[in-house]
Amino acid sequence: MNVSVKPLTPHIAVEARGVDLSKALGDNVFKTLYDAFAKHSILLIRDQKLTPEQHVAFAERFGELDRHVLTENSLPEQPEIFVVSNIKEKGKFIGRAKAGWFWHSDFSYQEIPAQASIMHTLECPDVGGDTMFASAGAAFDALSPTLQRFLEKLTAIHDFQLGSSRVQNKLNKQQLIKKKHFDDRPPVSHPVVRIHPDTGRKTLFVDPGYTDYIEQLTREESDNMINYLARHVTQPEFVYRHHWEPGDVLCWDNRGAWHCAIGDYSDDDRRLMHRVTVKGTATS
Ligand code: SIN
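Cut-offs used in this document
Residues numbered from 1 in each chain as written. Predicted model: local features only at pLDDT ≥ 70, side-chain atom pairs only at ≥ 80, totals over all residues. Heavy atoms only, no water. Helix = DSSP H or I, 4+ residues; strand = E, 2+ residues; numbered from the N terminus. Contact = heavy atoms within 4.5 Å. Buried < 20%, exposed > 50% of the residue type's maximum accessible area, 1.4 Å probe, protein only. Pairing = 2+ DSSP bridges. Axes fitted to C-alpha atoms, helices over the stretch in contact; angles between N-to-C directions. 1 Å grid on protein atoms, 1.4 Å probe; cavity = no way out; pocket = protein on both sides within 12 Å on 5 of 7 lines; lining within 4 Å. Points joined across faces, edges and corners; volume = space filled by probe spheres on them. Nonpolar A, V, L, I, M, F, W, Y, C, P; charged D, E, K, R; others polar.

Asks: Break down the side chain of His-55 for me, citing the residues and quoting the values.
Replies: Mapped onto the fold, His-55 is located in helix α2 (residues 52–60). Apart from residues no more than four positions distant in its own chain, His-55 is found in contact with Leu-50, Ile-81, Ile-118, His-120, His-274, Arg-275 and Val-276.

Asks: Talk me through the environment of Met-119; I want residue IDs and the actual numbers.
Replies: Tracing the backbone shows Met-119 in strand β9 (residues 114–123). Met-119 gets classed as buried once you look at its relative accessible area, which sits at 6%. As a C-alpha pair, Met-119 and Ala-257 span 138 residues in sequence and 15 Å in three-dimensional space.

Asks: Tell me about the sheet that holds strand β12 (residues 188–191), residues and numbers included.
Replies: Picture the strands of a sheet paired through backbone hydrogen bonds; they go either parallel or antiparallel. Pairing is antiparallel across the open sheet formed by three strands, whose spatial order is β12-β11-β15. Looking at strand neighbours, the two that pair on one side only are β12 and β15 (211–214), the edges of this open sheet. Neighbour to neighbour, the strand axes of the sheet diverge by 35 degrees on average, direction disregarded.

Asks: Which residues make up the layout of surface pockets, and what values do they have?
Replies: The rolling of a water-molecule-sized probe over the atoms marks out the regions of remaining empty space. Within this model, the largest pocket holds a volume of roughly 270 Å³. Lining the largest pocket we find Glu-72, Asn-73, Ser-74, Lys-92, Phe-93, Ile-94, Gly-95, Arg-96, Gln-174, Gln-175, Leu-176 and Lys-178. For the lining of the largest pocket, a count of residues per class yields three nonpolar, five polar and four charged. Empty space within the second largest pocket amounts to approximately 150 Å³. Lining the second largest pocket are Asn-86, Lys-88, Phe-93, Ala-97, Lys-98, Lys-170, Leu-171, Asn-172, Gln-175 and Asp-267. Its residues placed into classes, the lining of the second largest pocket shows three nonpolar, three polar and four charged.

Asks: Got a sec to walk through empty space enclosed by the protein? Specific residues and values, please.
Replies: This structure, assessed with the given rule, holds one cavity of 30 Å³ or more. The volume enclosed by the largest cavity comes to roughly 320 Å³. In terms of lining residues, the largest cavity is bounded by 28 residues, among which Ala-99, Gly-100, His-104, Tyr-210 and Arg-275 are the most central. Only β6 (78–85), α5 (160–168) and β18 (257–261) provide two or more residues apiece to the lining of the largest cavity. Examining the composition of the lining of the largest cavity, we find that four residues originate from one element, α5, more than from any other. Per-class residue counts for the lining of the largest cavity are 16 nonpolar, seven polar and five charged.

In structure tokens, the structure reads:
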């Protein structure tokens, strides 16, 4: 394979061309892709036709896989795949609707958060249903050294129930998240600034989705700080907005980027994505 990699914005996202993910990738090709992913946080590969098995096989090159706590939304024949979809068949949703309609980093509510999320688009609206990605590394670099040093001393609580409550009132009854899922994911603490294990880059690991509060601050100080950091990280110069096309495979690095799915499409606009999540490492 003759692979080329081209940045999509100065701070975040690259597109790789000349790759066929349905075939086994040589170590050198995979290293080119992985290095671009770790450095730029988003790796886009278009025009892929993958079976669920091929999707999982590609994801396994990144590391050990992890499963979403909402196991009822996994693909029965390939449970490593989390189905994100607004489509109903015989009156039942075939996947999770309204997933991630707020800025977050996948599985930040777990002791071991996610490394990569690898999404394959099967169906998407012609217009709408885009996803935004923000560079938490470029945003950290842009802070004053004084604020950087202050933030590096802090830890924050991340909570699955809190993040879920941001969409719970928009969900169809069928999709309401159950108490057992919340009990399975109690709140956890992570450093506010984490170090990317591959690149050594410092990134902001709080987000307005799952982060509840910064432990060393008062509630008011913490709310203001999280709001400030949310505005800072999501400034247009740190953001790549992806318009999905069928066949897209997009890998995002949850250690370096936040993301937010945009809920601007109607229930009649079919959207069907398969996502595989790769397990990360402890944050401290
Ligand atoms: C997610 O947060 O995994 C959902 C992303 C999307 O549907 O675009």
